[in-house]
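# Descriptive analysis of the structure
So you can see what is in the structure, the chains are spelled out below.
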Amino acid sequence: MNIDGASFVPTHANHVELERLGDEIAKLAAHLDAATARLLDLIREFDERGGWGNGFASCAHWLAWRVGLALGAAREHVRVARALGPLPKLKEALARGELSYSKIRALTRVATPETEERLLSVGRAGTAEHVEMMVRGWRQMDRKAETQESTRRHRHRALHVYPDGDGMVVIRGRLEPEVGAVVMQALTAAREALFRRAKDVPAGTSFVDGSPEAPNIEQQQADALALVVETALHRGMNPGAPSARYQVVVHVDASVLADADAPGQSVLEGGARVPAGTSQRLACDASRVVMRHDAEGRVTEVGARTRTIPPALRRALQHRDKGCRFPGCGLPFGQGHHIKHWAHGGPTKLSNLATLCRRHHRAIHEEGFQVERQPDGQLCFRQPDGRRIPDVPAPSAVPANPTDTLQSQNGGAGAQINTRTAMPGWHGERLDVGYAISVLHPRAISST
Ligand SMILES: [Zn+2]
Ligand SMILES: [Zn+2]
């Protein structure tokens, strides 16, 4: 390479060549954006139909695993895919390669069906940077309109607490932001306290509500509210000794524990029936009272707070597995799963144990997923239909000439893309965000 720079002064031939190269970049980029529209369509459908639900925490987690996106990028794809659902004009502009994915990402943060047409023209006229500036300005205007509503909100503050038909108590209300912030802070603190306590007790012990699954966020909030109220009433964070509160008693027939298909009872203390698979899971890594009943209902065995996996072995297990082993999960904590259940004579030793998070422990015991340890020591996970779940999925086959294939596919889908498809209408004039918002934002228009 020359360092005097002379070789970078374009000759005429060079200039034509570079122009052509630039055109090719612009055209292919527009094609990629058009293909991204299709990708987002597929993600939206997959997400809506819960295609990720068979073993993943979210559509983004599935996407990160299956496609190899960073989790943040995967979340953004899912967000944009969802946002585009009710925004057909922006969706089509991306599908035609007219607006880049970067612009669409920014616009979907503020666009509503009411405003998408105007924002589409913003996207067409400006560069990606202009669009970002406009979106920031748009949000400020949204906020300004909100403050005008705050006076109205103050008059409408309310909290309704009433019993529902089935004995549950319904709480519904609207709090002013500053009051709501304090409430949310207290709930967050209480949730953290509950979560810390859940980690202090042995893995596998159930959560406060007696169910073995990690509670979802709404359930956690409900538990947190209870703690906040208890704390307020008792004037001290002391709602009781955790060990007793977390204990779950399972009544399960000996035959059911050994064979989920065998007839017999499997109930939690209090009478709630649970599937045999649930009893097996609860017993799999148990620090709980397990009562085994014989055919006549007599208690044949009570393992009072038996720890199935001794602490030293649990530490070794944690050191070896470093968290859930289910492909694509990687949660840093979990329960010790007996690959061959102890009720079937499976030994409690490292080679027969695998760490699984609650979600995936459930998948194995109750949803038909399978795991086995292969002769080489590697774990092999399978879907309920027996198909293997790879740790890292093989990338999809790409045709020998992906560019041509992509362009002909986009052409087949009706997108007419050329080198100028994604060019902004901007001619270099200064962008006056304030003015632009004042003539485009619906609130700004209605207040003048
Ligand atoms: Zn298990
Ligand atoms: Zn997991």
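Our structure's up above, just so we're on the same page.
Residues numbered from 1 in each chain as written. Chains lettered and ligands numbered in written order. Predicted model: local features only at pLDDT ≥ 70, side-chain atom pairs only at ≥ 80, totals over all residues. Heavy atoms only, no water.

## What about the overall build of the chain?
To be explicit about the condition: Secondary structure elements follow DSSP: runs of H or I of four or more residues count as helices, runs of E of two or more count as strands, with numbering from the N terminus. Relative accessibility decides the category of a residue: with a 1.4 Å probe and only protein chains considered, values under 20% of the type maximum give buried, values over 50% give exposed, and everything between is partly exposed. For accessible areas, the Shrake-Rupley method is used with a probe of radius 1.4 Å. Any residue's cover is judged against the shown protein chains and nothing else.
Regarding its fold elements, the chain presents 17 helices and eleven strands. Relative to its full complement of 448 residues, the chain shows a buried share of 35%. Carbon together with sulfur atoms contributes 56% to the accessible area of the chain, which is approximately 25,900 Å² in total.

## Remarks on the coordination of the zinc ion (ligand 2)
In plain terms, the rule: With water excluded from the atoms, a metal site may look incomplete; its donors are any N, O or S atoms within 2.8 Å, or within 3.2 Å for Na, K and Ca. Under this scheme a four-donor centre is tetrahedral when all angles range from 85 to 135 degrees, a four-donor centre is square planar and a six-donor centre octahedral when opposite donors are above 155 degrees with the rest from 65 to 115, and any other centre is irregular.
Protein coordination of the zinc ion (ligand 2) is provided by Cys324 (SG), Cys329 (SG), Cys357 (SG) and His360 (ND1), with donor distances spanning 1.9 to 2.3 Å. Here the zinc ion (ligand 2) is ringed by four donor atoms whose angles at the metal span 100 to 117 degrees, and the overall shape comes out tetrahedral. Sequence spacing among the residues donating to the zinc ion (ligand 2) works out to C-x4-C-x27-C-x2-H. Highlighted residues: Cys324 in the loop between helix H13 (311–321) and strand S7 (335–338) and His360 in helix H14 (residues 358–366), separated in sequence by 36 residues. Considered together, Cys324 and His360 belong to a single accessibility category, that of buried residues.

## Some thoughts on unusual backbone geometry
Not every positive phi belongs to a glycine, and Lys322 is a case in point at roughly 55 degrees. You can see Lys322 is positioned in the loop between H13 and S7. Owing to a relative accessible area of 53%, Lys322 belongs among the exposed residues under this scheme.

## Topic: the layout of surface pockets
Heads up, the condition is: Whether a set of points on the 1 Å grid over the protein atoms alone is a cavity depends on a 1.4 Å probe fitting there but being unable to get out, while an open set qualifies as a pocket with protein on both sides within 12 Å along at least five of seven lines; lining residues are those with an atom within 4 Å of a point. Grid points are joined across faces, edges and corners, and a volume is the space filled by probe spheres set on the points. Side-chain classes are defined by residue name, with Ala, Val, Leu, Ile, Met, Phe, Trp, Tyr, Cys and Pro counting as nonpolar, Asp, Glu, Lys and Arg as charged, and the others, Gly among them, as polar.
As a volume, the second largest pocket reaches approximately 570 Å³. Elements represented by at least two residues in the lining of the second largest pocket include exactly helix H1 (12–48) and helix H2 (59–67). A per-element tally of the lining of the second largest pocket places H1 first, with eight residues. Considering only residue class, the lining of the second largest pocket consists of 16 nonpolar, four polar and two charged.

## Remarks on the packing of H1 against H2
A pair of packed helices can be characterised by two numbers: the angle between their axes and the separation between those axes. The line we're drawing: For every element, the axis is a line fit to its C-alpha atoms; helices are fit only across the contacting stretch, and the angle between N-to-C directions ranges from 0 to 180 degrees. These descriptions rest on fixed angle ranges, namely under 35 degrees for roughly parallel, over 145 for roughly antiparallel, 65 to 115 for roughly perpendicular, and the rest for oblique. Here a crossing is taken to be left-handed if its near helix is turned anticlockwise relative to the far helix by less than a right angle, and right-handed if that turn runs clockwise. Contacts are assigned to residue pairs with any non-hydrogen atoms lying within 4.5 Å of each other.
Two elements in contact, H1 and H2, have axes separated by 10 Å at closest approach and are oriented at 125 degrees. Here H1 is positioned oblique relative to H2, judged by the angle of their axes. Crossing of H1 against H2: the hand is right-handed. Contact residues: Ile43, Phe46 and Asp47 in H1; Cys59, Trp62 and Leu63 in H2.

## What about the environment of Glu372?
Tracing the sequence through the fold places Glu372 in strand S9 (residues 370–373). In this structure, the C-alpha to C-alpha distance between Glu372 and Lys340, residues 32 residues apart in sequence, is 8.5 Å.

## Let's talk about the packing of aromatic side chains
We apply this condition: Aromatic rings from Phe, Tyr and Trp, taking only the six-membered ring of Trp, are treated as a pair when their centres fall within 6.5 Å; an angle between ring planes under 30 degrees marks them as stacked, one over 60 as edge-to-face, and anything in between as tilted.
Scanning all chains against the criterion turns up four aromatic pairs. Both rings, one in Phe326 and one in Phe381, keep their centres 5.1 Å apart while their planes meet at 65 degrees; by these two values the pair is edge-to-face. You can see Phe326 sitting in the loop between H13 and S7 and its partner Phe381 sitting in strand S10 (residues 379–382), a full 55 residues away along the chain. Accessibility assignment for this pair places Phe326 and Phe381 in one class, buried.

## Regarding the pairing of strand S1 (residues 158–163)
Our working rule: A pair of strands counts as paired when DSSP detects no fewer than two bridges linking them.
Little of S1 is tucked away: zero of the six residues are buried. Strand direction decides the pairing type here: S1 and strand S2 (residues 169–174), joined by six bridges, are antiparallel. Counterpart to Pro163 in the pairing with S2 is Val169. Counting the residues that bridge the hairpin from S1 to S2 gives five residues, and of these Gly167 lies at a positive phi of roughly 95 degrees.

## Focus on the pattern of salt bridges
Threshold: By definition, a salt bridge exists where a carboxyl oxygen of Asp or Glu is found within 4 Å of a side-chain nitrogen of Lys or Arg.
As enumerated under the stated definition, the model contains 17 salt bridges in all. Glu98 is the salt-bridge partner of Arg124, the closest N and O atoms lying 2.7 Å from each other. Highlighted residues: Arg124 in helix H6 (residues 116–125) and Glu98 in the loop between helix H4 (88–95) and helix H5 (101–107), separated in sequence by 26 residues. Among the ionic contacts, a cluster of salt bridges with common partners joins Glu17, Arg20 and Glu24.

## Focus on the pairing of S10
Bridging between S9 and S10 involves four bridges; their strand directions are antiparallel. From the neighbouring strand, Arg373 faces S10, where its bridge partner is Leu379. Between S9 and S10, which pair antiparallel in sequence order, lie five residues; one of them, Gly377, sits at a positive phi of approximately 90 degrees. With two bridges connecting them, S10 and strand S11 (residues 388–389) associate as antiparallel partners. Across the sheet, residue Arg382 finds its bridge partner in S11, namely Arg388.

By themselves, these are just geometric observations and shouldn't be taken as functional.
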